[in-house]
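# Observations on the three-dimensional arrangement
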Amino acid sequence: MAVEKAGTMVDKLEAVRRWIFAVAGRGDSVERGDAAPQEMVMHFLNSLLAGLPDGLSILDRDLTILLTNPVLEKWYAHAMPLVGRRCFEAYYGRSEPCVLCPTARTLASGIGSDETVPRTGPGGAAAGWFHLYSIPFIKDPATGETLGVIEYVRDISGRVAV
């Protein structure tokens, strides 16, 4: 499957933005287009992402990367850009999803999952180990419908031999 078209990506990012406003109880501000609350939420989100000591990404249901934080971008500087690509392509240079993918398990079950996964460097060389936590990005708690997954990634290379 090819990388999503830009219009579709914009729609997905807009859905993420609307979800953040809904969680913050500011859904009415989104509908009115109030700039101040939107700027506050985006500032909060950017500060949160930049301040995390670990990697974080948001993926849609097709495993397309919608958002990453600076830590993940630093770890995968050799594979930039990450946004708009499918995770298995960007992180592992693969043409299909990984076999032991906790994100695929989360999408299938709607329940968080985790797994220790290899970290790859330039050319697919072994570069260490990550512990990847996959959390469902829930659109509607009543139905359990998900928009995608939030991946929280911790480098555990110092604790696991490559």
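Look up a bit, the structure's there.
The sections below set out a description of the structure shown in this document. (Residues numbered from 1 in each chain as written. Predicted model: local features only at pLDDT ≥ 70, side-chain atom pairs only at ≥ 80, totals over all residues. Heavy atoms only, no water.)

### Points about the pattern of salt bridges
Summed over the entire model, instances satisfying the criterion amount to three salt bridges. Across the salt bridge formed by R105 and E115, the nearest N and O atoms sit 3.0 Å from each other. In this pair, R105 is assigned in helix α6 (residues 102–109) and E115 in strand β3 (residues 113–120), connecting sequence segments ten residues apart. Exposure remark for E115: the relative accessible area of 22% places this residue in the partly exposed category. Two residues, D155 and R119, come together in a salt bridge whose shortest N-O distance is 2.9 Å. Taken together, the residues span a long stretch of sequence, with D155 in strand β5 (residues 145–155) and R119 in strand β3 at a distance of 36 residues. What makes D155 partly exposed here is its relative accessible area of 28%. (Salt bridge = Lys/Arg side-chain N within 4 Å of Asp/Glu carboxyl O. Helix = DSSP H or I, 4+ residues; strand = E, 2+ residues; numbered from the N terminus. Buried < 20%, exposed > 50% of the residue type's maximum accessible area, 1.4 Å probe, protein only.)

### Overview of the sheet that holds β3
One open sheet accounts for five strands, arranged β2-β1-β5-β4-β3; its pairing is antiparallel. Looking at which strands have only one partner, the edges of the open sheet turn out to be β2 (65–68) and β3. Averaged over neighbouring strand pairs, the angle between their axes works out to 30 degrees when direction is ignored. Relative to β5, strand β4 (residues 126–140) runs antiparallel, the two being bridged by ten bridges. Bridged to D140 within β5 is E145. (Pairing = 2+ DSSP bridges. Axes fitted to C-alpha atoms, helices over the stretch in contact; angles between N-to-C directions.)

### What to know about the pairing of β2
Both strand β1 (residues 55–60) and β2 contribute to a ladder of three bridges, which runs antiparallel. The residue bridging L59 from the neighbouring strand is I65, located in β2. Hairpin geometry of β1 and β2 is characterised by an intervening segment of four residues between the two adjacent antiparallel strands and by a positive phi of about 70 degrees at L63.

### Considering the pairing of β3
Relative to β4, β3 runs antiparallel, the two being bridged by eight bridges. Looking at the pairing, E115 lines up with L132 of β4. Linking β3 to β4, which pair antiparallel, is a turn of five residues; within it G123 sits at a positive phi near 70 degrees.

### Thoughts on the packing of aromatic side chains
Within the structure shown, the criterion is met by four aromatic pairs. Aromatic side chains Y133 and Y152 sit 6.3 Å apart centroid to centroid with 55 degrees between the ring planes, which places their arrangement in the tilted category. Linking Y133 in strand β4 with Y152 in strand β5, this pair joins segments that are 19 residues apart in sequence. Note on Y133: relative accessible area 34%, which makes it partly exposed. (Phe/Tyr/Trp six-rings, centres within 6.5 Å; stacked < 30°, edge-to-face > 60°.)

### Some points on the nonpolar core
If you look at the biggest cluster of nonpolar residues, it comprises 19 residues, and the most contacted ones within it are I65, W75, Y76, L82, C87 and Y91. Within the residue set of this core, elements represented by two or more residues are α4 (70–75), α5 (87–92), β4 and β5. Looking at which element gives the most residues to this core, the answer is α5, with four residues. Once residues within four sequence positions are removed from consideration, L82 is found in contact with I65, T68, L72, E73, Y76, A90 and Y91. (Core = buried A, V, L, I, M, F, W, Y, C linked by side-chain atoms within 4.5 Å. Contact = heavy atoms within 4.5 Å.)

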